[in-house]
Protein chains: 4
Amino acid sequence: MSASRVHEGRHFLQIPGPTNVPDRVLGAMHQPTMDHRGPEFAALTRSILSRLPRVFQTSGPVVIFPSSGTGAWEAALANTLSAGDSVLMSETGQFSHLWRGVAERLGLQVEWIEGDWRHGADPVKIADRLSADKEKKIRAVAVVHNETSTGVASNVAGARQAMDATGHSALLLVDTISSLGSIDYRHDEWGVDVTVGGSQKGLMLPPGLGFNAVSGKALEASASAKLSRAYWDWQPILEANRQGFFPYTPATNLLYALDEALSMLLEEGLQAVFARHTRFARATRAAVDGWGLENLAAVPSEYSNSLTAVMMPEGHDADKLRGMILERFDMSLGTGLGRLKGKVFRIGHLGHFNDLMLMGTLSGVEMGLHLAGVPHQAGGASAAMRVLCE
Amino acid sequence: MSASRVHEGRHFLQIPGPTNVPDRVLGAMHQPTMDHRGPEFAALTRSILSRLPRVFQTSGPVVIFPSSGTGAWEAALANTLSAGDSVLMSETGQFSHLWRGVAERLGLQVEWIEGDWRHGADPVKIADRLSADKEKKIRAVAVVHNETSTGVASNVAGARQAMDATGHSALLLVDTISSLGSIDYRHDEWGVDVTVGGSQKGLMLPPGLGFNAVSGKALEASASAKLSRAYWDWQPILEANRQGFFPYTPATNLLYALDEALSMLLEEGLQAVFARHTRFARATRAAVDGWGLENLAAVPSEYSNSLTAVMMPEGHDADKLRGMILERFDMSLGTGLGRLKGKVFRIGHLGHFNDLMLMGTLSGVEMGLHLAGVPHQAGGASAAMRVLCE
Amino acid sequence: MSASRVHEGRHFLQIPGPTNVPDRVLGAMHQPTMDHRGPEFAALTRSILSRLPRVFQTSGPVVIFPSSGTGAWEAALANTLSAGDSVLMSETGQFSHLWRGVAERLGLQVEWIEGDWRHGADPVKIADRLSADKEKKIRAVAVVHNETSTGVASNVAGARQAMDATGHSALLLVDTISSLGSIDYRHDEWGVDVTVGGSQKGLMLPPGLGFNAVSGKALEASASAKLSRAYWDWQPILEANRQGFFPYTPATNLLYALDEALSMLLEEGLQAVFARHTRFARATRAAVDGWGLENLAAVPSEYSNSLTAVMMPEGHDADKLRGMILERFDMSLGTGLGRLKGKVFRIGHLGHFNDLMLMGTLSGVEMGLHLAGVPHQAGGASAAMRVLCE
Amino acid sequence: MSASRVHEGRHFLQIPGPTNVPDRVLGAMHQPTMDHRGPEFAALTRSILSRLPRVFQTSGPVVIFPSSGTGAWEAALANTLSAGDSVLMSETGQFSHLWRGVAERLGLQVEWIEGDWRHGADPVKIADRLSADKEKKIRAVAVVHNETSTGVASNVAGARQAMDATGHSALLLVDTISSLGSIDYRHDEWGVDVTVGGSQKGLMLPPGLGFNAVSGKALEASASAKLSRAYWDWQPILEANRQGFFPYTPATNLLYALDEALSMLLEEGLQAVFARHTRFARATRAAVDGWGLENLAAVPSEYSNSLTAVMMPEGHDADKLRGMILERFDMSLGTGLGRLKGKVFRIGHLGHFNDLMLMGTLSGVEMGLHLAGVPHQAGGASAAMRVLCE
């Protein structure tokens, strides 16, 4: 590549996604592109489609798009709604705002439940809005499961229960881009209608694939939904998938990677994957406590297991710290997004990751805090080790 | 991968795209995914964006989408048109039909110039329609430069001249998915407003990236175009590109591949690339003549230099031949699409390709014709060698 | 790499080794080096050592050296002989001379059966020499199974039978560097004592590994053999292998490659591998005949199935032809070695290779002959196709 | 590979070699093998041979063998000595014993200066022995620069000075297998005659290449040295190298890797490489001190900068600790070799390595000590961070 600088040792990519891609996955991608209309391709498609739904914990179909996760947001909306429909969205952070932007650009009415970027979506408030929606204008409730900008995880099961309690028929659309394959997530059990996913986080792939897991009710809704759609339309994809193909040229080499990543996730076992991320998150929070710093997530039950956003002490710029850590320790941390710019840095602890990579990460943060003169107590990394030794 | 069979030697991927991806490109893709908001990524973006326009022979911007080529079709329309606008399209083959489908799904009115799938778009007919469009309902003319289903190349420069001659202000949108980086194509000189491209053909990449090269006039049109768009919107991409970034998580590893492929194309030199493809096409046509078979493309000036569609003798099924060649010689040829199903097979001779790969390809076809009992004369491969020795 | 030039399409590496390395093998090599004293490494060693002997068709051990094939020559001699011992060698071509050189440098006496570089080792002459060796000074007979410089395969089974008929106890050492994994070779059945192999030909690996398959008699001989040896000593390797290890740091990533190549060979099936090479060789000889050129190998029963050496017409320089073919068609052919310099070129048709790669190869030779003005008839490639269609 | 287990995150390969191979190097190796007699290969050889001597800090030639480092030991002896010659060797640890074994197997007389495996070679004792060697039977002094089994670095410059002071003409042979490219080493300035190196440590390559840097005096000695040698003979290699070739089929893909690794080392700058390793070693020693454990190396001036051997408290088995750390934290540490079995574990901190990888490593050791119930003080990792923050 034309623009690389000298790296001594491996870069620590500790943004909350894209995550460190395993060698097995990069190696799988490094194979000759094949005929996307041939029998070997059909076998590949079947290998993927027979296993991918397990990661969403669904028995229904999962639609794969050659796209970023933002494309999968658009697909979730475009397949289920019509111009002028209302969508109820909860402000959880930057990505809830971005998804709102997509909805508005598509001509949807967004009902917005304001939030403080430190809490998840509130099931009670969602239920209240639905109860108040006597005309049933709200056709969908959209929730970000794991808000990547804040490290706050919303209670999706609770949202569904609250919705059900109102008797309202709105669909439930959930963004799991930074939780899928990292945090326990149950499309079927929780009654989600469309789950939006992306390749570059818990799935351990490079970016370039977006996903929609689709419930029967969502499929039904798509039959009458009137938003114009071509690229994002589920129907031709589901139809072609039945023969093992796609209605367009799919992103073949990313599919090789997906097939391999599914093997890795299922070899480890989903429960083991979730438990591993829980440990990383607990150890990271112990480190944050140890430093005497504050987790942006305000409520323990909503702590994210895939990333932690750390608040900077007043008067200290998070991006200055991040720049120094990048320069000195070759580690990328997540920046503060939107109104959190400069106020938080985010530690990604998800994907192809283990205890010693985490300790390298937390040690890098601790040394960075020291070198940047950020007020803190030493001992965060040591505290994390105590958690990892439990 | 779970579904591979034993290959002795390299597979011959001679469909007209995806094409054989060079080892250099696969190797470039096989690098750790990086922080898409960091300085190294910005340098990568700049390396790409400073060179990619040269392939389109434009000095204007090129927008990159994580998508298939069909996504780039949608983007070209969605950024420039409004609901109810008319688009004038010329039937050249299957891909013209598919693009038409996208336009209709977006709520556009398609004016359709029928064709016989053996000729390119007719500048005269385009001009006639524009002249007849007194109310200026036609806001865009869409042409497939190189129709992948037929091996027919349309006269884009001629279309533009004919359009200009009418004084009509319609935009010119051109699909170059299977010609870009293989056949001489001049976005600026030919007055094209939006050029649609894809990664998996002449650019020698795996599929997964779509492109729009955009003229000043198209950019202007986008300011007032009213089709809803989010993912496909040029504006936020162009804006973020200025800093070396993207408004969403880009398909990083495919961008590594693109950067490397650009290096390869520019090291060889675009004129050399075009000349090489011209030779391959001439040799292939000599082989087809030598076999006594017929090229689907009816007019020599419209012969494609990146693929050749060969008509099967009456009563012989092209797909049976293709299946046998795949089984026996491990070569994938292009199937007949749409109404050409079973009637033609297509030989891709584009991308990372050379004389001896072409001779392996043509020898495989010749042996396949023999083994399948398809009436033909031997000697096609020999005729190709004579061309290659000139 | 610093020294690469632009390649359009894949290089045709048609020297008789190193051969075209399959993507699967390159991909296997592209994995992190592991601890050569850990349990995962032991499992790798066992996976290899349980399967590698099958390729030699032996039930005995195979010793792996991090070395070129010439190292494995030295090992075969150093483990079985003592200073001053005589070795009976047959001149078959350049590699028989080189092996002789190794023997002489080690202080062995070489009995030399002269040859004309167009015939294999002669069992009758070997038997005659052994019969005449009343003092049993000859402790080993060394034969090159497939002489890479000439494309002549010696009759190893016949040599053994002739040796046995004399009642002489000499060991039989055989070089199979360019036949192993391509041509049927039977270490046990043919009574060979040490088989010398290398990684870079039929085994489809990059160069860097040498092999000795060892009979019980050879092992016994090694107990009293007095040539000094350290690196090449079988004993410590065989001993460490029992636990899955090596007495030195082994060439780990080449072992990854070997493990994968064994999977490929055994998935295809050894008999299928041999049959495939037989076809390639027959087709190539048909091409040579078709061109009206002469095969260097004089006797049909000794034709090599892994390479063919083609004699140039008087007054034409083979290397000039080769240079032109490299320049124009990006194909490497084997040069004439030793006294054959300029007089022959060699076509490698072994390893990861298939019909269409062969046709590309033969077409390249045919076009090269034409362009270089070498007297020949056209039609060689066509003749090869006829063989491949049988 | 057939034998892999599930790895979550990257394995920590912290044995003192093989070391973590950079992606750039693995990627370079993952290229098609080329004709080793063609012009592109010659360019590769030149690119390597023009830069490799810099790593040895010599202006003389460096001979490359397809071999392990033990082969390069053998080559150093076989090219310079004759049967019965004496070699003066200093016991520094396991590798000094192994090199001694090679010398004895080659028929050399070894004069042995005993040592306690905690100190380097003693220049004074070397000088004493040389002074006592009135008959000049000692033709070479062999020293292990950095004893990989103990983490003790010998004073090579001092040894040379002491030798010179005696007026004795013995050659100086030095093993730098685990120091080359990590610790400052100066072949020319220090008056070394043969430097033995290997690929898999500071050079950041997989194992499979051995090196001899050769002084003019050593070259001269080789003209009269009488040990039999074929594979290891410098002369044919040096001769073929002049044209860019090798006298046998070289390990092409490892040479690709070497070429890339040289680029990486020289891009970083040798002085920066050495300084980086010095920091890692200081931080590691601070950790060992912090744990209250003892460094096997007894003398600070002899501390190795590429590895640290840590002594286990009495009654605790190092290999049990290592096994637990491998199982629980997926990190490989070096075992105690020879008489140190079970008594020490070795931390490799060399090669493609950085601060955060080191902190992951040291954290893993600290957690392992805790979990294994090894008496120690917490705080070693914290102490290391303090050093890294200086």
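Residues numbered from 1 in each chain as written. Chains lettered and ligands numbered in written order. Predicted model: local features only at pLDDT ≥ 70, side-chain atom pairs only at ≥ 80, totals over all residues. Heavy atoms only, no water.

A count of helical and extended segments in chain A gives 14 helices and 14 strands. The buried share of chain A, reckoned over its 390 residues, is 70%. A fraction of 73% describes how many contacts in chain A between residues 6 or more apart in sequence connect residues 24 or more apart. Of the roughly 11900 Å² of accessible surface on chain A, a fraction of 50% belongs to carbon and sulfur atoms. (Helix = DSSP H or I, 4+ residues; strand = E, 2+ residues; numbered from the N terminus. Buried < 20%, exposed > 50% of the residue type's maximum accessible area, 1.4 Å probe, protein only. Contact = heavy atoms within 4.5 Å. Areas by Shrake-Rupley, 256 points an atom, 1.4 Å probe, with all protein chains shown as cover.)

The next subject is the interface of chain B and chain A. Interface size, as often reported, equals the accessible area lost upon joining of the parts. Listed as interface residues are 64 residues of chain B and, on the opposing side, 64 residues of chain A. Where chain B abuts chain A, roughly 4800 Å² becomes buried across the two surfaces, and 60% of that area is made up of carbon and sulfur atoms. Put simply, chain B and chain A have two salt bridges between them. The partner of arginine 105 of chain A in a salt bridge is aspartate 233 of chain B, and the shortest N-O contact between them spans 2.7 Å. Summed over the shared surface of chain B and chain A, the number is eleven residue pairs in polar contact (both at pLDDT 80 or more). The residue inventory of the side of chain B that touches chain A, partitioned by class, reads 29 nonpolar, 23 polar and twelve charged. (Buried area = accessible area lost by both parts, 1.4 Å probe. Salt bridge = Lys/Arg side-chain N within 4 Å of Asp/Glu carboxyl O. Polar contact = N/O pair within 3.5 Å; in protein donor to acceptor, adjacent residues only side chain to side chain. Nonpolar A, V, L, I, M, F, W, Y, C, P; charged D, E, K, R; others polar.)

Turning next to the packing of helix α11 (residues 270-291) of chain B against helix α13 (residues 355-371) of chain B. All names here are of chain B. Running from N to C, α11 and α13 point in directions that differ by 20 degrees, and their axes come no closer than 11 Å. The angle between α11 and α13 falls in the class roughly parallel. Every pair of crossing elements has a handedness; the one defined by α11 and α13 is right-handed. Every residue of α13 that contacts α11 at Arg279, Phe280, Ala283, Thr284, Ala287 and Trp291 is listed here: Asp355, Leu358, Leu362, Val365, Glu366 and Leu369. (Axes fitted to C-alpha atoms, helices over the stretch in contact; angles between N-to-C directions. Parallel < 35°, antiparallel > 145°, perpendicular 65-115°, else oblique. Left-handed = near helix turned anticlockwise from the far one by under 90°.)

Mapping chain B onto chain A calls for a rotation angle of 180 degrees and an axial translation of 0.0 Å; the resulting RMSD is 0.0 Å. Here the transformation between the copies is reduced to the relation of a two-fold axis. Every residue of chain B has its C-alpha some distance from the rotation axis, and the shortest such distance is that of serine 67 of chain B, at 2.6 Å. Mapped onto chain A, 100% of the interface residues of chain B are again interface residues, and the two copies thus contact each other with one and the same surface. (Least-squares fit on C-alpha atoms with pLDDT ≥ 70 in both.)

What follows concerns the side chain of threonine 252 of chain C. The residue threonine 252 of chain C is located in helix α10 (residues 252-268) in this model. Among residues more than four places away in sequence, those in contact with threonine 252 of chain C are Thr33, Met34 and Phe41 of chain C together with Pro207 of chain D.

This part is about unusual backbone geometry. The amide bond that connects glycine 17 of chain B to the next residue, proline 18 of chain B, takes the cis arrangement and shows omega of 0 degrees. One can find proline 18 of chain B in the loop between β1 (12-14) and α1 (23-29). The residue aspartate 330 of chain A is not glycine, and still its phi comes out positive at about 55 degrees. Here aspartate 330 of chain A shows up in the loop between α12 (318-329) and β13 (331-333). For methionine 204 of chain D, which is not glycine, the phi dihedral falls at a positive 70 degrees. Turning to its location among the elements, methionine 204 of chain D is positioned in the loop between β9 (194-198) and β10 (209-214).

Moving on to the pairing of strand β3 (residues 86-90) of chain A. Residue and element names in this part refer to chain A. Across the five residues that make up β3, a large majority, five, are buried. In this sheet, strand β5 (residues 138-144) lies alongside β3 in parallel orientation, the contact comprising four bridges. Its bridge partner being in β5, leucine 88 is matched across the sheet by valine 141. Note: β3 against strand β4 (residues 109-113), five bridges, orientation parallel. Residue pairing in the sheet places serine 86 in a bridge with glutamine 109 of β4. (Pairing = 2+ DSSP bridges.)

Attention now moves to the environment of aspartate 317 of chain C. Residues and elements named next belong to chain C. By secondary structure assignment, the location of aspartate 317 is in the loop between β12 (307-311) and α12 (318-329). Residue classification places aspartate 317 among the partly exposed residues on the basis of a relative accessible area of 39%. In the structure, aspartate 317 is positioned 234 residues away from alanine 83 in sequence and 42 Å away in space, judged by C-alpha atoms.

Here we take up the sheet that holds strand β14 (residues 344-348) of chain D. Whether parallel or antiparallel, the strands of a sheet pair through hydrogen bonds between backbone atoms. Residues and elements named next belong to chain D. Strand order in the open sheet formed by three strands is β11-β12-β14, and the pairing between neighbours is antiparallel. The sheet is open, and its two edges are formed by β11 (294-295) and β14, each paired on a single side. The pairing of strand β12 (residues 307-311) with β14 spans five bridges and is antiparallel. Of the residues in β14, the one forming a bridge with threonine 308 is isoleucine 347.

Next up on the list: the side chain of aspartate 175 of chain B. Residue and element names in this part refer to chain B. Relative to the helices and strands, aspartate 175 is located in strand β8 (residues 171-175). For the buried aspartate 175, no salt bridge exists, and the shortest N-O distance to an oppositely charged side chain is 8.3 Å, to lysine 201. Sequence-distant contacts of aspartate 175, defined by excluding residues within four places in its chain, comprise Trp73, Trp99, Val143, Val144, His145, Asn146 and Val196. (Lys, Arg positive; Asp, Glu negative; His and termini not counted.)

So, on to the sheet that holds strand β14 (residues 344-348) of chain A. All names here are of chain A. What the three strands build is an open sheet, ordered β11-β12-β14; its pairing is antiparallel. One side of each edge strand has no neighbouring strand; the edge strands of this open sheet are β11 (294-295) and β14. Contacts from helix α11 (residues 270-291) reach β11, β12 (307-311) and β14, with the element oriented near 10 degrees to β12.

Looking now at the packing of aromatic side chains. By convention here, two paired aromatic rings are described through the distance between centres and the angle between planes. Counted under the stated rule, the structure contains 50 aromatic pairs over all chains. With 4.9 Å between their ring centres and 85 degrees between their planes, tyrosine 231 of chain C and tryptophan 232 of chain D make a pair best called edge-to-face. Taken together, the residues span two chains, with tyrosine 231 of chain C in the loop between α8 (216-224) and α9 (234-241) and tryptophan 232 of chain D in the loop between α8 (216-224) and α9 (234-241). The burial state of tyrosine 231 of chain C is the same as that of tryptophan 232 of chain D; both residues are buried. Here phenylalanine 280 of chain D and phenylalanine 353 of chain D contribute two aromatic rings whose centre-to-centre distance is 5.3 Å and whose plane-to-plane angle is 85 degrees, an arrangement assigned as edge-to-face. With phenylalanine 280 of chain D in helix α11 (residues 270-290) and phenylalanine 353 of chain D in the loop between β14 and α13 (355-371), this residue pair connects regions lying 73 residues apart in the sequence. Exposure class is identical for phenylalanine 280 of chain D and phenylalanine 353 of chain D. Each is buried. Sitting above the plane of the tryptophan 112 of chain D ring, arginine 100 of chain D keeps its charged end 4.5 Å from the centroid. (Phe/Tyr/Trp six-rings, centres within 6.5 Å; stacked < 30°, edge-to-face > 60°. Lys NZ or Arg CZ within 6 Å of the ring centre and 35° of its normal.)

Here we come to the confidence of the model for chain A. Across chain A, the average pLDDT comes to 97, with 98% of residues at 70 or higher. Both scores are available for the predicted complex, with the pTM at 0.97 and the ipTM at 0.97. (pLDDT = per-residue confidence, 0-100.)

This part covers the pairing of strand β14 (residues 344-348) of chain B. Extensive coverage of β14 of chain B is indicated by the burial of five of its five residues. The alternating pattern of β14 of chain B places Val344, Arg346 and Gly348 of chain B and Phe345 and Ile347 of chain B on opposite faces, both of which are buried.

So, about the pattern of salt bridges. What the rule picks out here adds up to 76 salt bridges over all chains. The shortest N-O distance in the salt bridge between aspartate 164 of chain A and arginine 160 of chain A comes to 3.2 Å. With aspartate 164 of chain A and arginine 160 of chain A both in helix α7 (residues 156-166) and four residues apart, the pair spans about one turn of that helix. By relative accessible area, aspartate 164 of chain A is classed as partly exposed at 47%. Measuring nitrogen to oxygen at the nearest pair gives 2.6 Å for the salt bridge that ties glutamate 268 of chain C to arginine 276 of chain C. With respect to class, glutamate 268 of chain C is no different from arginine 276 of chain C; both count as buried.

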